[in-house]
Amino acid sequence: MMLWKKSQKNDLEIRRATPADARGIINCMQSVMDEKVYLVSEYYLLTERGEQERLKNPDELTLICLNGSMVIGVLTLQRGLYKKNRHTANLGIAIRSGYRHMKIGTRLILEALKWAKKEGIKKVNLEVFSTNVNAIKAYRKIGFEYEGVRKHQFIIDNKYVDDVLMTFFTDTLNEN
């Protein structure tokens, strides 16, 4: 199932991940983690086998963006586990250095929001470092709203960084 194909300088494709994509996902995520400025974790915790198993969970969506055979973007949407929060999901996204500012993240998020709405998810949440101004701007443009801030939640390069909480209500999704 191909969601997006772009034929210009790069041959980019967005699609749902399969267990065969596990190694590429881990490599992409670790590449972003190695930068130590966009993600909380510094090491990808799942093994290739663990990632393959995670990808089989029907309550989660993982989308990838490929440049040829290389995974350059990963989006995960994890639905709430309990009856009380099954209407919510948490979004995580990582785009490799060199591929940012190309609307890849926006396309991944819009596809994930469509899936969420179709699956009955009413509220999609994310967390972003306050220092990631470009991501916050992109989320706002898509329609995410500020929900809160956890002050001084992280220390990055010996400086306090706030955790910005944002949310999107899928009933506002314009699917044109």
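For the structure itself, look to the data block above.
The rules behind the values
- Residues numbered from 1 in each chain as written.
- Predicted model: local features only at pLDDT ≥ 70, side-chain atom pairs only at ≥ 80, totals over all residues.
- Heavy atoms only, no water.
- Buried < 20%, exposed > 50% of the residue type's maximum accessible area, 1.4 Å probe, protein only.
- Helix = DSSP H or I, 4+ residues; strand = E, 2+ residues; numbered from the N terminus.
- Pairing = 2+ DSSP bridges.
- Polar contact = N/O pair within 3.5 Å; in protein donor to acceptor, adjacent residues only side chain to side chain.
- Arc of directions from axis to C-beta.
- Contact = heavy atoms within 4.5 Å.

Draft legend 1. How the structure looks around the pairing of strand β4 (residues 70-79). Within β4, eight of the ten residues are buried, which leaves it mostly tucked inside the rest of the structure. Of the pairings in the sheet, the one linking strand β3 (residues 60-67) to β4 comprises eight bridges and is antiparallel in character. Across the sheet, the residue bridging to Leu 61 is Leu 77, located in β4. The hairpin turn running from β3 into β4, its antiparallel successor, is two residues long, and Gly 68 in that turn takes a positive phi close to 65°. Taken together, the seven bridges between β4 and strand β5 (residues 88-95) define a ladder with antiparallel strand orientation. For Gly 73, the partnering residue across the bridge sits in β5 and is Ile 95.

Draft legend 2. Just the side chain of Asp 162, in detail. Along the chain, the position of Asp 162 falls in strand β8 (residues 159-169). A polar side-chain atom of Asp 162 sits 3.4 Å from a polar atom in the side chain of Lys 151.

Draft legend 3. Local environment of helix α4 (residues 133-142). Those residues of α4 that sit buried are Ala 135, Ile 136, Tyr 139 and Ile 142. Projected down its long axis, α4 carries its buried residues within an arc of 125°, all on one side. The exposed residues of α4 that point more than 90 degrees off its buried face are Lys 137 and Lys 141. Considering only its buried residues, α4 is in contact with β5, α3 (104-118), β6 (123-129), β7 (145-156) and β8.

In short, shape yes, function no, at least from these values alone.
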